[in-house]
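Report on the structure
Each chain, written out:
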Amino acid sequence: MSKSFTLPLLAALPALLASCGNDLDRYSRTTYGSYEQCLIANRVLIDRGLSNPCVYRTGGGYYGPYVRIVSGTTRYVGYDRLGKVSGAGLTFDSKRGSYGSFKAPVSRGGFMSGSRSGSFGG
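Residues numbered from 1 in each chain as written. Predicted model: local features only at pLDDT ≥ 70, side-chain atom pairs only at ≥ 80, totals over all residues. Heavy atoms only, no water.

On inspection of all chains with the given rule, the structure shows one salt bridge. Residue Asp47 pairs with Arg43 through a salt bridge whose shortest N-O separation is 4.0 Å. Taken together, the positions of Asp47 and Arg43, both in helix α3 (residues 43-47) and four residues apart, correspond to about one turn of that helix. By relative accessible area, Asp47 is classed as exposed at 57%. (Salt bridge = Lys/Arg side-chain N within 4 Å of Asp/Glu carboxyl O. Helix = DSSP H or I, 4+ residues; strand = E, 2+ residues; numbered from the N terminus. Buried < 20%, exposed > 50% of the residue type's maximum accessible area, 1.4 Å probe, protein only.)

Moving on, we come to the confidence of the model for the chain. A residue-level look at the chain finds 67% of positions with pLDDT of 70 or above and a mean pLDDT of 78. In the predicted structure, residues 5-21 sits below a pLDDT of 50 and forms two contacts with residues beyond four places in sequence or in another chain. Across residues 107-122 the pLDDT falls below 50, and counting only partners more than four positions away or on other chains, this stretch makes 42 contacts in the model. (pLDDT = per-residue confidence, 0-100. Contact = heavy atoms within 4.5 Å.)

Take the nonpolar core next. Taken as a class, soluble globular proteins show a tendency for nonpolar side chains to be buried jointly. Grouped together as the largest cluster of nonpolar side chains are nine residues: Leu24, Tyr27, Val55, Tyr66, Val77, Tyr79, Val85, Phe102 and Ala104. Counting residues in hydrophobic clusters, the runner-up holds seven residues, among them Tyr35, Cys38, Leu39 and Tyr62. (Core = buried A, V, L, I, M, F, W, Y, C linked by side-chain atoms within 4.5 Å.)

Right, let's talk about the packing of aromatic side chains for a bit. Taken as a whole and assessed by the stated rule, the structure comprises five aromatic pairs. An angle of 85 degrees between the planes, with centres 6.3 Å apart, marks the rings of Tyr27 and Tyr66 as edge-to-face. Within this pair, whereas Tyr27 is found in the loop between α1 (7-19) and β1 (31-32), its partner Tyr66 is found in strand β4 (residues 66-70), the two being separated by 39 residues in sequence. For the pair Tyr27 and Tyr66, one class covers both residues: buried. Residues Phe92 and Tyr99 carry aromatic rings whose centres are separated by 4.7 Å and whose planes lie at 45 degrees to one another, so their mutual orientation is tilted. Classification of Phe92 as partly exposed rests on a relative accessible area of 21%. Taking the relative accessible area as the measure of exposure, Tyr99 reaches 29% and is therefore partly exposed. Through a chain of ring-to-ring contacts, the aromatic side chains of Tyr27, Tyr66 and Tyr79 assemble into a single cluster. Above the face of the Tyr63 ring, Arg29 is positioned so that its terminal group lies 3.5 Å from the ring centre. (Phe/Tyr/Trp six-rings, centres within 6.5 Å; stacked < 30°, edge-to-face > 60°. Lys NZ or Arg CZ within 6 Å of the ring centre and 35° of its normal.)

Next up on the list: the sheet that holds strand β6 (residues 85-93). Backbone-to-backbone hydrogen bonds join strands into a sheet, with any given pair of strands oriented parallel or antiparallel. With antiparallel pairing, four strands are arranged side by side in an open sheet as β4-β5-β6-β7. Unpaired on one side and paired on the other, β4 and β7 (98-103) mark the two borders of the sheet. Sheet twist, expressed as the average angle between the axes of neighbouring strands with direction ignored, equals 25 degrees. Judged from the five bridges that link them, β4 and strand β5 (residues 73-79) form a sheet pairing that is antiparallel. Counted as the bridge partner of Ile69 is Thr74 from β5. (Pairing = 2+ DSSP bridges. Axes fitted to C-alpha atoms, helices over the stretch in contact; angles between N-to-C directions.)

Here's what the structure looks like:
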């Protein structure tokens, strides 16, 4: 007995595969010329609790945090001490004017390999 697949099932395959992809693909990042510029631009996020918002960019410069806006809520994801994507993020609800936290998306293995992050504060 042979199995056959219908066209609607095959047509849904790209959407299914995309849903298994990296959630960070939906985020954007800003590039800064120096670590200091990145820190200055993201000072409010640092003050609100986002750790390590800047990471060294291979080839020069620094990336700021990952940013995604959905329905009036902005999500920010920084980096851990090794320069990999942090497991915790910061949210800003523009309707309420309040900040909160969320469990950040995890990157694919090796997504941030070769990156360095600076340190700030204590």
